[in-house]
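Fold and contact review
Given next are the chains, with one letter for each unit.
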Amino acid sequence: MSRTQGLLTPLVPLYTAVLNAKNTAYDRGWIKPKHLAWPVISVGNLSVGGAGKTPVVIRLAQLLREQSHNVDVLSRGYGRSSQNVERVDPDGSAARYGDEPILIARSSNIPVYANVSVYVGADRYAAGSLAEREHAGSGIHLARIHLLDDGFQHRRLARDVDIVVLHSSDFNERLLPAGRLREPLATLKRASILILREEDRHLETELQRRNPTAPIWIQHRRLAIPQLKRAVAFCAIARPDEFFSALRSHSGDIAATSAFRDHHTYSDADLDQLLDLRDQHCSEVFITTEKDWVRLTPEQRTRLAPLNVARLEVVFEDEPALTAHLLNLIVRK
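What counts, and where the lines are drawn
Residues numbered from 1 in each chain as written. Predicted model: local features only at pLDDT ≥ 70, side-chain atom pairs only at ≥ 80, totals over all residues. Heavy atoms only, no water. Helix = DSSP H or I, 4+ residues; strand = E, 2+ residues; numbered from the N terminus. Rg over C-alpha atoms; globule rule 2.2 N^0.38 Å. Buried < 20%, exposed > 50% of the residue type's maximum accessible area, 1.4 Å probe, protein only. Contact = heavy atoms within 4.5 Å. Lys, Arg positive; Asp, Glu negative; His and termini not counted. Charge placed at Lys NZ, Arg CZ, Asp CG, Glu CD. Salt bridge = Lys/Arg side-chain N within 4 Å of Asp/Glu carboxyl O. Patch = residues over 30% accessible without salt bridge, like charges linked within 9 Å, V, L, I, M, F, W, Y side chains within 5 Å. Areas by Shrake-Rupley, 256 points an atom, 1.4 Å probe, with all protein chains shown as cover. Core = buried A, V, L, I, M, F, W, Y, C linked by side-chain atoms within 4.5 Å. Pairing = 2+ DSSP bridges. Expected span 1.5 Å × (residues − 1).

**Considering the overall build of the protein**
Across its full length, the protein carries twelve helices and twelve strands. Relative to the globule expectation of 20 Å for 333 residues, the C-alpha radius of gyration of the protein, 20 Å, shows essentially globular dimensions. For the protein, the spread of C-alpha atoms along the principal axes amounts to about 60 × 55 × 40 Å. Expressed as a percentage of the 333 residues in the protein, the buried residues total 53%. In the protein, of all internal contacts separated by at least 6 residues, the share reaching a separation of at least 24 is 71%. Between the centroid of the 43 positive side chains of the protein and the centroid of its 40 negative side chains there is a distance of 6 Å.

In structure tokens, the structure reads:
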């Protein structure tokens, strides 16, 4: 336990009491969630960052579009400068909309997956209402589905399906503020579907014990990485060591690494630091994550050129069965 964790540990009971009070109020119907007209599939997790929700949301949107369902994504837009509830312009900035909404909008904005709109707002009900108003007059009559990004703890909005994406570290973490867990493992009983990474498959039995009714799907994650020569890798994500380790295992030739706090906004001083690091290690190129790339301004990307991007791709085992199960849960609700 770090010194900071030790200092924050006395606050954990207070956090737990507030959390339990909130969940009890919803579980017993004392607080009523708001309902949108169209079905809602929530994708969330237990910990603060690093579970990999964003690529899961992107892949689910793609799978549902392949079944001719018109999909939109509702996101809080963490760290955005605007407080407006609005539709994300894929060509807009991460500063305005948030890095994850921009990434989702751009990843889904290709011909085969067209019509995957992203809406941002701290009030996800308001974001969903805006989506429904905009598409009501669009002339598109496909069945519509909302994907609620990072929604497991956002109980103000009713959902038809609760998907929880897990990371192996969740099973050894402590609750906030001393640890990274936003909710204890016991709350997995609310989940409709549980998603594990391929390397965490050994945790299936533990999950079945905690929620015997929720099916478990395994996700396979792959980094698409260009050929590199003495690259400097940098990122501002929740688990930077996993990114650097994956880079080394795929390409090997990583000269140096630099990690910033999650969702960090890069400054000129940060770029100076990265350029100095490149010179110190006689490096030729930079490589970063897609989330970091969208957070950089065009001018900053130019300063770091040549700048490569490692794309994280996700597929699930038995995707037709997963899609069918999702749609069946929606129909039953």
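Now that the structure is up, let's keep going.
**A few points about the pattern of salt bridges**
A full pass over the atoms with the stated rule returns 23 salt bridges. Salt-bridge contacts for D72 lead to R144; the nearest nitrogen and oxygen are separated by 3.3 Å. Of this pair, D72 sits in strand β2 (residues 70-75) while R144 is found in strand β5 (residues 144-149), placing the two residues 72 residues apart along the sequence. Classification of R144 by relative accessible area gives buried; the value is 8%. With its nearest N and O atoms 3.3 Å apart, the salt bridge here joins E199 to R197. On the accessibility criterion, E199 (48% relative accessible area) is partly exposed. Within the structure, one salt-bridge network assembled from shared partners comprises R197, E199, D200 and E242.

**Digging into a nonpolar patch on the surface**
Residues L11, L14 and V18 make up a contiguous nonpolar surface patch of roughly 290 Å² in combined accessible area. Mapped onto the fold, L14 is located in helix α2 (residues 12-27).

**Overview of the nonpolar core**
Among the nonpolar cores identified, the biggest contains 36 residues, and I41, L60, L147, I163, I193 and F316 are the most heavily contacted of them. When residues in this core are grouped by element, the largest group, seven residues, is from helix α3 (residues 53-66). If near-sequence neighbours (up to four positions away) are discounted, L60 is found in contact with V43, L147, I163, F316, L322 and L326. Ranked by size, the runner-up nonpolar core spans 19 residues in total, among them L196, L207, A214 and I218.

**What about the sheet that holds β2?**
Across the sheet, which stays open at both edges, the twelve strands sit in the order β3-β4-β2-β5-β1-β6-β7-β8-β12-β11-β9-β10 with mixed pairing between neighbours. Of all the strands in the sheet, just β3 (86-87) and β10 (254-259) have a single pairing partner and so form its edges. In the sheet, strand β9 (residues 231-235) pairs with β10 via five bridges, with the strands oriented parallel. Across the sheet, the residue bridging to C235 is A259, located in β10.

**Describing unusual backbone geometry**
Trans peptide bonds make up the majority, and among non-glycine residues the majority have a negative phi. That bond from L176 to P177 is cis: its omega, 0°, falls within 30 degrees of zero. Positive phi, normally seen in glycine, also occurs at D150, with a value near 55°. Inspection of the secondary structure puts D150 in the loop between β5 and β6 (161-165). Residue D150 is classed as buried on the basis of its relative accessible area, which comes to 19%. The backbone of C282 sits at a positive phi, close to 50°, despite the residue not being glycine. Checked against the element boundaries, C282 lands in the loop between α9 (268-280) and β11 (285-289).

**Focus on the side chain of R239**
When you line up the elements, R239 lands in the loop between β9 and α8 (240-250). One buried charged residue, R239, remains without a salt bridge, the closest side chain of opposite sign being D170 at 4.4 Å. Beyond its immediate stretch of four places on either side in the chain, R239 contacts S47, G49, G50, H167, S169, D170 and R180.

**Some points on α3**
Over its 14 residues, α3 runs 20 Å from end to end, which matches the ideal 20 Å to within 8%, given 1.5 Å per residue. With 13 of 14 residues buried, α3 is to be regarded as a mostly interior element. A positive backbone phi angle near 70° is found at S68, which sits one or two residues after α3.

**A closer look at the environment of L60**
Along the chain, L60 falls in helix α3. Relative accessible area serves as the criterion here: at 1%, L60 is assigned to the buried category. The sequence separation of L60 and I41 amounts to 19 residues, and the corresponding C-alpha distance is 9.7 Å.

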